[in-house]
Amino acid sequence: MKLNSIISPRRFLTWPSWHLVYEWEDVFSDVLDVPLKCESRLRSRIRRLANRIGVPTMSSGHELVFVMGATTDMGKDLNGRTVPFIVDYFLPDSDYDAFAGALGAVDMVLISSRQVYDYIKDKGGCGTRFEHLPLSLPDKYMIAEDTVFNKEYDLVMLGRPSPIFKDFLDEYLRKHPAVSVLDRKIENGHFNFYSPSGELVGNADTRESYMELMRKSRVMLYSIPGIDGDRETNGFHPVTPRFLESIACGCNLLLRYEENSDTDFYELASFGKSIETYDDFEAAFDKALASPADMDVYARYLRKHYTSVRAEKLRKCLEI
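Everything numeric here is computed off the predicted structure, so don't read it as measured data.

## Some details on the packing of aromatic side chains
Argument step 1. Counting across every chain of the model gives 26 aromatic pairs.
Argument step 2. On the numbers, 4.9 Å between centres and 25° between planes, the contact of Phe66 with Phe85 is stacked. Taken together, the positions of Phe66 in strand 3 (residues 62-69) and Phe85 in strand 4 (residues 82-88) put the pair 19 residues apart, joining distant regions of the chain. Comparing Phe66 with Phe85, the two get one shared label, buried.

## Quick word on unusual backbone geometry
Peptide bonds are trans in most cases, and residues, glycine excluded, mostly fall at negative phi.
Argument step 1. The residue Asp33 is not glycine, and still its phi comes out positive at about 55°.
Argument step 2. Position of Asp33 relative to the elements: it lies in the loop between helix 1 (19-32) and strand 2 (36-38).
Argument step 3. For Asp33, a relative accessible area of 68% corresponds to the exposed category.
Argument step 4. Positive phi is not limited to glycine here, since Asn188 has a value of about 55°.
Argument step 5. Within the element layout of this structure, Asn188 appears in the loop between strand 8 (181-187) and strand 9 (190-194).

## Some points on the nonpolar core
Argument step 1. Membership of the largest hydrophobic core comes to 60 residues, with the highest contact counts inside it found for Phe28, Leu64, Leu158, Phe243, Leu253, Leu302 and Leu314.
Argument step 2. Once residues lying within four places of it in the same chain are set aside, the contact partners of Leu64 are Leu3, Ser5, Ile6, Ile7, Val83, Phe85, Leu110 and Leu314.
Argument step 3. The next biggest cluster of nonpolar side chains, apart from the first, holds 23 residues, and it includes Ile7, Val65, Val67 and Ala100.

## A short note on the pattern of salt bridges
Argument step 1. Enumeration over the complete set of coordinates arrives at 21 salt bridges.
Argument step 2. Among the ionic pairs, Arg10 bridges to Glu25, the shortest N-O distance being 2.7 Å. Linking Arg10 in the loop between strand 1 (3-8) and helix 1 with Glu25 in helix 1, this pair joins segments that are 15 residues apart in sequence.
Argument step 3. Owing to a relative accessible area of 0%, Glu25 belongs among the buried residues under this scheme.
Argument step 4. Residue Lys175 pairs with Glu171 through a salt bridge whose shortest N-O separation is 3.4 Å. Of the two residues, Lys175 and Glu171 are both situated in helix 5 (residues 163-175); the distance of four residues between them amounts to about one turn of the helix.
Argument step 5. Because the salt bridges share partners, they merge into one network encompassing Glu23, Lys140, Arg207, Glu208 and Glu245.

What counts, and at which threshold
- Along each chain, residues carry numbers from 1 onward, in the same order as the chain's sequence is written.
- Under the rules for a predicted model, residues below a pLDDT of 70 receive no local features and side-chain atom pairs below 80 are neither given nor counted, while totals for whole chains, interfaces and linings still include all residues.
- Only hydrogens and water are removed before side-chain values are computed, so all heavy atoms of the structure are retained for them.
- Only Phe, Tyr and Trp rings are paired, with Trp represented by its six-membered ring, and only when their centres lie within 6.5 Å; those with planes under 30 degrees apart are stacked, over 60 edge-to-face, the remainder tilted.
- Note on conventions: DSSP H or I runs of at least 4 residues are helices, E runs of at least 2 residues are strands, and numbering of each starts at the N terminus.
- Only protein chains enter the accessibility calculation, which uses a 1.4 Å probe; a residue whose area is less than 20% of its type maximum is buried, one above 50% is exposed, and one in between is partly exposed.
- Buried Ala, Val, Leu, Ile, Met, Phe, Trp, Tyr and Cys residues that are joined via side-chain atoms within 4.5 Å together make up what is termed a nonpolar core.
- By the convention used here, residues are in contact when the closest approach between their heavy atoms is within 4.5 Å.
- We define a salt bridge as a contact between a side-chain nitrogen of Lys or Arg and a carboxyl oxygen of Asp or Glu at a distance within 4 Å.

Quick look at the structure:
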């Protein structure tokens, strides 16, 4: 299977959640020596309409397209030459047949979550070729064993904490008022961060500012989606890129997760047990503040999870 291009919506989809996707696209394009096709909104609509009404494609090769979330009718926007890379899959079991049927004309589908991939394989895959291609850390954030970050704050509240972590943190801060926390507020479309004194410190509107704030945090609270009812995931609890980003920024991790094939793949247990009680939270937070992260361990771990590694795996998948 020959990959001719990567279709990117970066010219019109500018919401921060897409910025990481564009970093992945850049690495895949570079490693696989495949050009980026940066579509305008109009060109994207024309291509999708052509697919929906069945206009034959003139392309002799395949095109990689990142899909932020699986839907039951996503096949209408694809054709037989499209290789969709599905980032999130949270469909209920009752929607699986419609999802699989919508992809009947697609030669290959890339699934980021190992848990979802195993679920689809258990369902039989409905004849479509599914491949597990895990989410990754762009190579531009690569660290070495001697990397050092200037930690200015005990905790920067990047991302949405689970409700249980939020309750634990509130109690911890009542008992430890000297702990410095940068809190996030979404104001007029900006992700602003404020010091304990109420001073605006910065924002996370760009990938660069987001990562810079994370590098200043000694501790990072990380929980997999939906584990505490913070969002509806229909039983799927994948590891998200923020886990890898926290490691790349030298943060000590406090974790909440369930054991599944995705958390096993990313070896979350090697970074700490899932925190279930306040006493465990307090002990883990105290320990995380007492010493810096082990950057030697972190650097060796991340060598398995850079985007260039995933690009090489995709190369092998395409050769099958």
